[in-house]
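Coordinate analysis (summary)
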Amino acid sequence: MAEKRVYEAWKGSNIFLFNGRLIFGPDARSIVVTVLLIVVPVVIFCTFVARHLVHRFPAYNVGYAVLVVAVVFTVYVLILLLCTSAQDPGIIPRNSHPPEEEIFHESSASVDANGRPTPGLQFPRTKDVIVNGVPVRVKYCETCMLYRPPRCSHCSICNNCVEKFDHHCPWVGQCIGMRNYRYFFMFISSATLLCIFVFAMSASYIKFLKDDHGTVWRAMKASPASVILMFYCFVALWFVGGLTGFHSYLIGGNQTTYENFRYRADNRRNIFDKGCFSNFADVFCSRPIPSKNDFRAFMQEEAPTPPTLRPLPKPIDESSEDRRAKVEDDLEIGNDILKLSRRRNYEDIGDIKTRSSNGSTDHSFGGEFELGSELQAVPLRSEMKRSSWVRRSGSFETLSPRVLGLSSIVTEPQGNNHDQMEVRR
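Residues numbered from 1 in each chain as written. Predicted model: local features only at pLDDT ≥ 70, side-chain atom pairs only at ≥ 80, totals over all residues. Heavy atoms only, no water.

Turning next to the overall build of the protein chain. Helices and strands together make up the secondary structure of the protein chain, namely 11 helices and 11 strands. Counting over 425 residues, the protein chain shows a buried share of 35%. Sequence separation of at least 24 residues holds for 65% of the intrachain contacts in the protein chain that already meet a minimum separation of 6. Carbon and sulfur atoms form 60% of the exposed surface of the protein chain, whose accessible area is close to 26,300 Å². (Helix = DSSP H or I, 4+ residues; strand = E, 2+ residues; numbered from the N terminus. Buried < 20%, exposed > 50% of the residue type's maximum accessible area, 1.4 Å probe, protein only. Contact = heavy atoms within 4.5 Å. Areas by Shrake-Rupley, 256 points an atom, 1.4 Å probe, with all protein chains shown as cover.)

Given below as structure tokens:
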């Protein structure tokens with residue numbers, strides 16, 4: 001069986017193409033819509049507007065430059081879109097098991113079937129790390145089994161922890177993080193410039209048509225494509241232009257969209273701010289950060305090492321308790337037999353005295369009857385003791401031979417006792 005590569009066993013929701021060379025988010029199909037929103041207007045512009053502007057700028061053939069700039073700038077925007085959506089945004093690799101150094105045990109975490117508490121693993125939900133001399137609280141991610149670095153967050157759409165997470169953009173079908181934020185900003189700013197260029201050239205063509213037809217209305221009727229493009233670029237400019245302005249503000253303060261929306265009301269000092277110029281330099285002039293994931297590498301069979309648990313409490317030896325209970329039952333049965341034997345002797349002695357004084361046998365018969373009833377009561381009591389032992393051990397065979405011998409002596413027939421007393425007399 002061939003070994004799997006990392007992208008084939010990836011636990012996130014990403015989509016891989018070309019054997020793991022390109023990584024997209026789960027909503028990668030939205031890229032098709034974005035590409036159409038860019039390409040279709042440019043095709044209309046080149047066909048119905050730029051083609052007619054070639055002869056409007058005869059000096060130095062400037063008219064051809066309009067067509068070339070539109071095509072080249074569109075290709076440049078599409079490349080930036082691909083760089084934004086088809087690369088690792090800064091995913092932090094998952095751990096195969098929780099960090100052992102952060103585990104502590106809680107003895108009362110759960111209770112087993114016998115009612116004994118069992119130790120459970122617990123993780124502190126947060127911990128503090130020092131960033132620029134200031135303590136920063138980071139959270140533990142149960143999905144990735146790691147403590148997220150500062151400015152990291154778990155994307156619920158891609159199911160990954162992304163370093164310096166900004167947001168998940170549905171238009172590019174990818175998370176925006178540390179590794180692709182530069183390309184994302186260049187994409188939206190370039191798209192803004194493309195909208196401005198198409199809008200300006202379409203307005204210029206309407207101006208030329210107005211000069212030819214005398215009125216704006218006739219010019220608009222002569223080139224409805226220019227009117228549609230102007231309206232489309234005006235609406236799109238509010239979107240991509242607004243994003244460009246907003247992210248320019250975030251870069252100047254070294255913030256992310258996630259931090260701005262979440263901590264805006266706290267009015268806390270941004271410990272990552274290095275100044276406007278340095279912040280822009282970090283985004284656009286720093287060296288590209290290599291990915292922490294090699295999606296084309298082969299999977300390494302790593303046996304998970306579970307954290308060391310505290311030893312369970314030593315189970316109670318139930319057999320020793322049963323033996324101790326058995327001995328106690330034997331002693332109680334033996335005591336009952338001895339008491340009964342002594343009482344029977346006292347009754348026999350009293351019967352002998354009565355018969356010697358009165359010479360009557362009726363009392364002996366009555367004594368025998370009464371003693372017989374007592375003898376019947378004692379075995380019942382002994383039987384109760386035995387039944388209690390049966391519930392524990394399930395057998396009578398464990399009674400000691402000494403107790404059984406005493407029981408046989410007491411339960412001898414009453415007639416034999418009278419015969420012995422007659423012999424003694």
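All chains considered together, the criterion is met by two cavities of 30 Å³ or more. Here the largest cavity is characterised by a volume of approximately 60 Å³. If you trace the largest cavity, you find it lined by Lys164, Asp166, Tyr181, Leu250, Ile251, Asn254, Gln255, Thr256 and Val283. Looking at side-chain class alone, the lining of the largest cavity contains four nonpolar, three polar and two charged residues. Estimated volume of the second largest cavity: approximately 50 Å³. Lining of the second largest cavity is provided by Asp88, Gly90, Ile91, Glu163, Met178, Arg179, Ile289, Pro290, Ser291 and Lys292. Partitioning the lining of the second largest cavity into residue classes produces four nonpolar, two polar and four charged. (1 Å grid on protein atoms, 1.4 Å probe; cavity = no way out; pocket = protein on both sides within 12 Å on 5 of 7 lines; lining within 4 Å. Points joined across faces, edges and corners; volume = space filled by probe spheres on them. Nonpolar A, V, L, I, M, F, W, Y, C, P; charged D, E, K, R; others polar.)

All right, on to a nonpolar patch on the surface then. Residues Val32, Leu36, Val40, Ile44 and Phe48 make up a contiguous nonpolar surface patch of roughly 420 Å² in combined accessible area. Within the secondary structure, Phe48 sits in helix α1 (residues 30-53). The class for Phe48 is partly exposed, based on a relative accessible area of 45%. (Patch = residues over 30% accessible without salt bridge, like charges linked within 9 Å, V, L, I, M, F, W, Y side chains within 5 Å. Salt bridge = Lys/Arg side-chain N within 4 Å of Asp/Glu carboxyl O.)

Structurally, Asn260 can be placed in helix α6 (residues 257-263). Residues Asn260 and Asp166, spaced 94 residues apart in sequence, show a C-alpha to C-alpha distance of 9.4 Å. When neighbours within four sequence positions are excluded, Asn260 is seen to be in contact with Phe246, Tyr249, Leu250 and Gln255. A polar contact of 3.4 Å, which involves the side chain of Asn260, links it to the side chain of Gln255. (Polar contact = N/O pair within 3.5 Å; in protein donor to acceptor, adjacent residues only side chain to side chain.)

By the definition in use, this model includes 13 aromatic pairs. By the ring-pair criterion, three or more aromatic residues cluster together here, those being Tyr7, Trp10, Phe16 and Phe295. Cation over ring: Lys127 sits above Tyr147, and NZ or CZ is 4.6 Å from the ring centre. Just above the ring of Phe272 sits the side chain of Arg151; from NZ or CZ to the centre is 4.3 Å. (Phe/Tyr/Trp six-rings, centres within 6.5 Å; stacked < 30°, edge-to-face > 60°. Lys NZ or Arg CZ within 6 Å of the ring centre and 35° of its normal.)

Attention shifts here to the pairing of strand β6 (residues 134-141). Across six bridges, the pairing between strand β5 (residues 126-131) and β6 is antiparallel. When the bridges of β6 are listed, Asp128 appears paired with Arg137. As consecutive antiparallel partners, β5 and β6 are separated by two residues, and within that stretch Asn132 has a phi angle of approximately 55°, a positive value. Two strands pair when backbone bridges link them, and β6 and strand β7 (residues 146-147) are joined in this way by two bridges, in the antiparallel orientation. Bridge assignment links Cys141 to a residue of β7, and that residue is Leu146. (Pairing = 2+ DSSP bridges.)

Let us look at the packing of helix α3 (residues 181-213) against helix α5 (residues 224-252). The interhelical angle for the contact between α3 and α5, taken along N-to-C directions, is 150°, at an axis separation of 8 Å. Put simply, α3 runs roughly antiparallel to α5. Here α3 runs over α5; the crossing is left-handed. Here the contact of α3 with α5 is composed, by residue class, of 23 nonpolar, eight polar and no charged. (Axes fitted to C-alpha atoms, helices over the stretch in contact; angles between N-to-C directions. Parallel < 35°, antiparallel > 145°, perpendicular 65-115°, else oblique. Left-handed = near helix turned anticlockwise from the far one by under 90°.)

In total, this model carries seven salt bridges according to the counting rule given. Of the charged contacts in the structure, one is a salt bridge between Glu163 and Lys292, with a shortest N-O distance of 3.2 Å. On the criterion of sequence distance, the pair formed by Glu163 in the loop between β9 (160-162) and β10 (167-169) and Lys292 in the loop between α7 (276-284) and α8 (318-358) is long-range, its members being 129 residues apart. With its nearest N and O atoms 2.9 Å apart, the salt bridge here joins Asp211 to Lys207. Highlighted residues: Asp211 and Lys207, both in helix α3, separated by four residues, approximately one helical turn.

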